Amino acid sequence: MKFLWTALIASWLIIGGLVYLFFIKGSVIEANDQRTAIVLTEGERDFVLAEMRGFLTAVQGVLEGVDEKDMKKVAQAAKAAGAVATKNMPGSLPRKLPLAFKQMGHPTHNAFDELAVEASDIGDAGQVINKLSTLMNNCVACHATYKLVVGAK
């Protein structure tokens, strides 16, 4: 019986360690500029950077649509950066991203989807700009906290 309890506790510790390594910590190293460096392959890095450029393109499209008073354009721009932007994510990427990064990234995609719905359903330019401003806090926080590096980790 003592062996079973020991084996059970050892299994929990191993599983807990693996969950921490693969879902919480991610593949990170300390960077020389006070940020956390996320170590990715070149392809993974390219994917994340393309998502970020997609966020910027969406922001520009939202602002342009608001300026033109075209809520359909706002909705289309926002939707392009929503959850649909993650559909071709490399399977290796989620385990390499630290939990805090994922906790900023997923809500950012969701916020773009919500912005698209808001533009379509309500069409209030002031609310759209307010939501966009709040959404941009995730972008600023992410860039202040993380950098992407190519490496073998």
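Below is a short write-up of the structure. (Residues numbered from 1 in each chain as written. Predicted model: local features only at pLDDT ≥ 70, side-chain atom pairs only at ≥ 80, totals over all residues. Heavy atoms only, no water.)

1. Here's the deal with the pattern of salt bridges
Then, in step 1: The tally for this structure, following the rule as stated, stands at seven salt bridges.
Then, in step 2: The partner of Lys 147 in a salt bridge is Asp 33, and the shortest N-O contact between them spans 3.8 Å. Note that Lys 147 is positioned in strand β3 (residues 146–150) and Asp 33 in the loop between β1 (28–30) and β2 (36–40), a separation of 114 residues in sequence.
Then, in step 3: Judged by relative accessible area, which is 23%, Lys 147 ranks as partly exposed.
Then, in step 4: On the basis of relative accessible area, Asp 33 is assigned to the partly exposed category, the value being 31%.
Then, in step 5: Between Lys 79 and Asp 113 there is a salt bridge whose closest N-O contact spans 3.5 Å. Here Lys 79, found in helix α3 (residues 71–80), pairs with Asp 113, found in helix α5 (residues 99–121); they are 34 residues apart in sequence, far enough to count as distant.
Then, in step 6: Overlapping salt bridges bring together Asp 33, Arg 35 and Lys 147 as one network. (Salt bridge = Lys/Arg side-chain N within 4 Å of Asp/Glu carboxyl O. Helix = DSSP H or I, 4+ residues; strand = E, 2+ residues; numbered from the N terminus. Buried < 20%, exposed > 50% of the residue type's maximum accessible area, 1.4 Å probe, protein only.)

2. Comments concerning the packing of aromatic side chains
Then, in step 1: According to the stated counting rule, one finds two aromatic pairs in the structure shown.
Then, in step 2: Taking the centre distance of 5.4 Å and the plane angle of 15° together, the rings of Phe 55 and Phe 112 count as stacked. Remark: Phe 112 occurs in helix α5 and Phe 55 occurs in helix α2 (residues 42–67); sequence separation between them is 57 residues. The same class applies to Phe 55 and to Phe 112, which are both buried.
Then, in step 3: With centroids separated by 5.4 Å and ring planes inclined at 80°, the aromatic side chains of Phe 101 and Tyr 146 adopt a geometry described as edge-to-face. Of this pair, Phe 101 sits in helix α5 while Tyr 146 is found in strand β3, placing the two residues 45 residues apart along the sequence.
Then, in step 4: Judged by relative accessible area, Phe 101 falls into the buried class, the value being 9%.
Then, in step 5: For Tyr 146, a relative accessible area of 10% translates into the label buried. (Phe/Tyr/Trp six-rings, centres within 6.5 Å; stacked < 30°, edge-to-face > 60°.)

3. Observations regarding the environment of Gln 60
Then, in step 1: Along the chain, Gln 60 turns up in helix α2.
Then, in step 2: In the structure, Gln 60 is positioned 17 residues away from Ala 77 in sequence and 8.2 Å away in space, judged by C-alpha atoms.

4. Description of the side chain of Lys 96
Then, in step 1: For Lys 96, the position within the fold is in helix α4 (residues 93–96).
Then, in step 2: At 2.9 Å, the side chain of Lys 96 and the side chain of Glu 44 are in polar contact. (Polar contact = N/O pair within 3.5 Å; in protein donor to acceptor, adjacent residues only side chain to side chain.)

5. Re the nonpolar core
Then, in step 1: Ranked by internal contacts, the top residues of the largest apolar core, which has 19 residues, are Val 62, Val 74, Phe 112, Leu 115 and Val 128.
Then, in step 2: Within the residue set of this core, elements represented by two or more residues are α2, α3, α5 and α6 (125–145).
Then, in step 3: If we skip the residues at most four places from it in the chain, Val 128 touches Val 62, Val 66, Met 71, Val 74, Leu 115, Glu 118 and Ala 119.
Then, in step 4: Judged by nonpolar contacts, the second largest core, of 13 residues, contains Val 28, Leu 93, Tyr 146 and Leu 148. (Core = buried A, V, L, I, M, F, W, Y, C linked by side-chain atoms within 4.5 Å. Contact = heavy atoms within 4.5 Å.)

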